[in-house]
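# Chain and residue survey
What follows is each chain in one-letter form.
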Amino acid sequence: MSLRIVVCVKYVPDATGDRGFTEELTTDREGVDGLLSELDEHAVEQALRIAENAGAGGDGGDGGDGGNGTGQGGGAEITVLTMGPDDARDALRKALSMGADKAVHIEDGDLHGTDALGTSLVLARAAEQVGYDLVVCGMASTDGGMGVLPAMLAERLGVPQATLLSEVRVEGGRITGRREGDTATELLETVLPAVVSVTDLSGEARYPSFKGIMAAKKKPMSVLTLSDLGIEAEEVGLRGAWTSVDKATERPARTAGTIVDDEGDGGRKLAEFLAGQKFI
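Numbering of residues starts from 1 in every chain and runs along the sequence as written. Owing to the predicted nature of the model, reporting of local features is limited to residues with pLDDT of at least 70; listing and counting of side-chain atom pairs is limited to 80 or more, with chain, interface and lining totals taken over all residues. Water and hydrogen atoms were dropped before computing side-chain values, which therefore reflect all heavy atoms in the structure.

What follows concerns unusual backbone geometry. Leave glycine aside and you will find that most residues have negative phi; peptide bonds, for their part, are mostly trans. Residues L192 and P193 are joined by a peptide bond in cis, for which omega reads 0°. Tracing the backbone shows P193 in the loop between β10 (185–191) and β11 (194–198). Phi at L164 is positive, roughly 55°, even though this residue is not glycine. By the criteria applied, helices consist of DSSP H or I runs no shorter than four residues and strands consist of E runs no shorter than two, each listed in order from the N terminus. Mapped onto the elements, L164 comes out in strand β7 (residues 161–165). With phi around 65°, K278 is a residue other than glycine that occupies positive phi space.

Two modes of strand pairing occur in sheets, parallel and antiparallel, and in both the strands are linked by backbone hydrogen bonds. Each pair of strands is called paired provided DSSP finds at least two bridges between the two strands. Taken together, three strands build an open sheet; the order of strands is β8-β9-β10 and the sheet is antiparallel. If you trace the sheet from one side to the other, it starts and ends with β8 (167–171) and β10, each paired once. Going across the sheet, the axis of each strand differs from the next one's by a mean of 15°, ignoring polarity. As paired elements, strand β9 (residues 174–180) and β10 share seven bridges and run antiparallel to each other. Across the sheet, E180 pairs through a bridge with T185, a residue of β10. Axis definition: a line fitted to C-alpha atoms, over the contacting stretch in the case of helices. Angles run 0 to 180 degrees between N-to-C directions.

As a further point, take the environment of L157. Looking at the secondary structure, you find L157 in helix α4 (residues 149–157). For L157, a relative accessible area of 10% translates into the label buried. A C-alpha to C-alpha distance of 8.8 Å links L157 and V195, two positions 38 residues apart in sequence. Buried means the residue's accessible area, taken with a 1.4 Å probe over protein chains only, is under 20% of the maximum for its type, while exposed means over 50%, and partly exposed covers the values in between.

Looking now at the nonpolar core. Nonpolar cores are built from buried Ala, Val, Leu, Ile, Met, Phe, Trp, Tyr and Cys residues. Side-chain atoms within 4.5 Å join them into one set. In this structure, I5, V7, I78, V80, L134 and I175 are the most contacted members of the largest nonpolar core, which totals 36 residues. Of all the secondary-structure elements, those providing two or more residues to this core are β1 (3–8), α1 (38–55), β4 (76–83), α2 (89–98), β6 (134–138), β7, β8 and β11. For this analysis, residues touch if any pair of their heavy atoms sits within 4.5 Å. Once you skip the residues sitting within four places of it in the chain, L134 turns out to touch R4, I5, V6, I50, V170, I175, L192, A194 and V196. One finds V6, M83, L111 and I231 within the second-largest nonpolar core, a separate group that totals 26 residues.

Okay, structure coming up:
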């Protein structure tokens, strides 16, 4: 039985663009170009590496909770999963062009303004419907940056979590990983099914080849709505959000910098400037 890997990805505003909020103080996703979150590219990359190792052979695993088998002898299948507006399909196409097998897009107007708690509910229901042995996430989204979704997702699914991994391996129905801390390195181990998140230290994400880009156009991409997942509109969106933005202020326009002419006393002038800004 093949290993079923679900990778949760997000379509985010381009960080180099002029990002802002809508009148409802939600992220403006129409006024700026979007793309697959860079941190989620690392999640796709690690899923591909796990699938490649599984395809090279391995021991079959146990059934696990909920009938999610963990055998690896038959290779692996990678499903990329996202929720968002129509343009979010671009993130899925990028992941498919990298090598994922199929994609699922959750699209529903009532999702607008959904917070992390609501997002975890939607993604958990979708993962259950798709079927999974391993769910892989990036360490955080580059727009929200909360980093709590993988843990919430594991709680929703009722499976173990191994988060913020710089290295991850799956073999014989078990996950082993490395987590880098400020003062120590932790070695983690758990069993499938499980949720893992990987950091940007886990390995450089591959670039899609021309062949991969062309192949992605023929790979299946299905669309789900809230009703398909058995979720009421009141549970998500702004109405169901437990967190929201109350106030936002535009970033001040950039002003001209201070130019200091060095006439032999540049060091003193620099120190005075830094002291005036309370940097020293």
